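The primary structure of each chain is shown beneath.
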Amino acid sequence: MPSQHRHLQPANAPPASVSAPAVNASSRLAELLEIVKQEFDAVSTDGALIKGQRDEYELKLAAQISEINALRQNFFDLKTTHQDIIQRYEEEITRLRRELDARGSLPSHAAQQSPHPAPAPPAVATHLPPVGPILPGAPLVATGGAAPNVGRAPQGLFGGMMAPGSGGGASAASPTAGAERAGEGAYGGAYGNGAGAGGHPPPGPAPGEHPSKRMRADDGQAYGGHTKGSVPPTSTSTHPSPYGSHAQPKALPPSTSGSYGAGSPVASQAVPAGYMPNPPASLQQAQAQAPGSPTADGGANVFDFSDPDSLPREYKKEGSDWIAMFNPNSRRVLDVSLVHNLVHESVVCCVRFSQDGKFLATGCNRTAQIYDTKTGAKTCVLVDENVASKGDLYIRSVCFSHDGKYLATGAEDKQIRIWDIAKRRIRTLFTGHKQEIYSLDFSRDGRFVASGSGDKTARLWDLENNNCMFTFNIEDVIIGENGPIDSGVTSVAISPDGRLIAAGSLDTKVRVWDAKTGQQLERLMGHKDSVYSVAFSPDGKTLVSGSLDKTLRLWDLGGTVSALQGGNPPVVKNEQNGEKTGHATCLTTFVGHKDYVLSVAVSPDGAWIVSGSKDRGVQFWDPRTSQPQLMLQGHKNSVISIDLSPRGVLLATGSGDYHARVWSYTTE
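Computed from a predicted structure; not experimentally measured.

Observations concerning the sheet that holds strand β32 (residues 659-667)
Step number 1: Pairing within the open sheet is antiparallel, and its 4 strands lie in the order β3-β32-β31-β30. Only two strands of the sheet have a single partner each, and these edge strands are β3 (334-343) and β30 (639-644). The mean inter-strand angle of the sheet, taken between neighbouring strand axes irrespective of direction, is 20 degrees.
Step number 2: Relative to β32, strand β31 (residues 650-655) is paired through 5 bridges, and the arrangement is antiparallel. Bridge assignment links Leu651 to a residue of β32, and that residue is Trp663.

Put into structure tokens, the structure is as follows:
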């Protein structure tokens, strides 16, 4: 048998069975690589798709940006055209005014030929019908329709408040309830000229009527009664009031030709450029005195800011659409600048800072709005959704609680709403006033709110118990040449210590009550026309009042406060033959505004008194010298409301030109 030999493997050779796994591993690797390749291809495809979509979106975005730029350019072109029109109107009005000033007055034969004769001067004051007046914050425009015939100051209560000379003059429809009611004169005249049917100025207002009623009829006048970019109308038309039928307004102190704010929604009656109605009889003597001459009641000499061109360059500071003019007769110690321009959709009836100065509240048609004073951003809009959407409802007054948690608003519907700002809902609703709410003020402790109304009362409300603590009635009746004078309350203020409540009234008086007992302490007499605004000094020992007689007065309440603290409050009696009442005296009269003084404020350090007027100007006054430090102009219509931040530095202004502005004022 042949021998068999076994083949021996090399000592270091792998086993024969290892070759199969090696093949499997290689195959698996190839599969994984294929999967990765497929995934990569899928991602690449998706990336290409996304890139295509991105390119498409970028093309669309570029097209939209191009369209927006075109619209923006069109807007700027329209704005430039609009500003040119305004400038031409203002130049023409300035020329005509200078011509009138040079002539002194129109010759009798010229007046007879004039298609727009000036109305005869009215008496000092008269009784208003039961329907209350509209306060200095009253709106100037109504939804659709020309201004109703509201009396001498051609614009009705709010309409009359509209500023003079910004564009000639069509007047816009009156937006406030009761703009055509009696009493429209007070604010109506405060806003400037309007026109009655046929383009003629309406008959003069009965003195004592509330200008806020006239303010609204002048809505469109800041821009010549026309909307942006439009041409002022040359014909007139009359439309029914959107507020229903009420007694026709009586005459009111006259107003100078005016114009309403930017964006006025309606155009109506035309008024001749430069038209200036005659002043009421009660004001003729005061108006006859030049601004630079002493007043009959001791007002100091003041500088006339009416001609900016005559001022040296160093006494002027100009912005893009505003100018500050400094008194060359006083040492310049202030500087002012525009911080924010806040555009609204209607007349800005009121402005108010929070106690910490971080926020500003404004009141307009149907809404109260809150802005951040640092950024100018709108942080909150408060609107009562339970109120019927039909018609207008202007917020006449706003006021923050001391802690900034609540905002009180007063409106034409006679109700006071206390809003929880964080929750944006009504915390408390106070009712009881019989007519519109014109003014509100919170006490420093946040417990009480004072209110003033056209129903001839001021009231003090308790937020803890949700009731009315006191009703301060104006019970004395003042008889004017035409009968009882209306005494609707236009403005209220609570003293810093919460002890005193002051109120300005249509009957030309300022009254002061004891907030603890409800007793009337003072009846301050001296103004020749309705008082529209009052404000306490930081120490509560002086009080400032602003009036339709174009002046401010500074009252010394030191004797009143001392007597009150000593347990011997002054006794107020009805006036008999000019009998003096109480302890208060008038320290000085500030003369210089060319038209109604609609709002006053005192700086937190007491160093400055500030006033806003129908003449579109804001003046800073030195209470120590009675001299104006500067005149600030930027609004295109009456400055209806002003406020100074409790923290200093900031000034807020609200106007019939649909703008609120925040300014800075600093010591140089």
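A few points about helix α7 (residues 558-565)
Step number 1: Of all the residues in α7, the buried ones are Gly558, Thr560, Val561, Ala563 and Leu564.
Step number 2: Buried positions along α7 lie against β19 (500-505), β20 (510-514), β21 (520-524) and β24 (551-556).

Some points on the packing of aromatic side chains
Step number 1: Summed over the entire model, instances satisfying the criterion amount to 8 aromatic pairs.
Step number 2: An angle of 85 degrees between the planes, with centres 5.6 Å apart, marks the rings of Trp322 and Trp663 as edge-to-face. Here the residue Trp322 occupies a position in the loop between β1 (316-318) and β2 (323-326), and Trp663 occupies one in strand β32, the gap between them amounting to 341 residues. Comparing Trp322 with Trp663 shows no difference in burial state: the two are buried.
Step number 3: It is Arg332 that lies over the ring of Phe326; its NZ or CZ is 3.6 Å from the centre.

Quick notes on the sheet that holds strand β29 (residues 627-633)
Step number 1: Spatial strand order, β1-β2-β29-β28-β27-β26: 6 strands in an open sheet with antiparallel pairing. With one partner strand each, in any of the chains shown, β1 and β26 (597-602) form the two edges of the open sheet. Neighbour-to-neighbour, the strand axes of the sheet open up by a mean angle of 15 degrees, direction not taken into account.
Step number 2: Relative to β29, β2 runs antiparallel, the two sharing 4 bridges. Opposite Ile323, over in β29, you have Gln633 as the bridge partner.

Criteria and thresholds
- Residues numbered from 1 in each chain as written.
- Predicted model: local features only at pLDDT ≥ 70, side-chain atom pairs only at ≥ 80, totals over all residues.
- Heavy atoms only, no water.
- Pairing = 2+ DSSP bridges.
- Helix = DSSP H or I, 4+ residues; strand = E, 2+ residues; numbered from the N terminus.
- Axes fitted to C-alpha atoms, helices over the stretch in contact; angles between N-to-C directions.
- Buried < 20%, exposed > 50% of the residue type's maximum accessible area, 1.4 Å probe, protein only.
- Contact = heavy atoms within 4.5 Å.
- Phe/Tyr/Trp six-rings, centres within 6.5 Å; stacked < 30°, edge-to-face > 60°.
- Lys NZ or Arg CZ within 6 Å of the ring centre and 35° of its normal.

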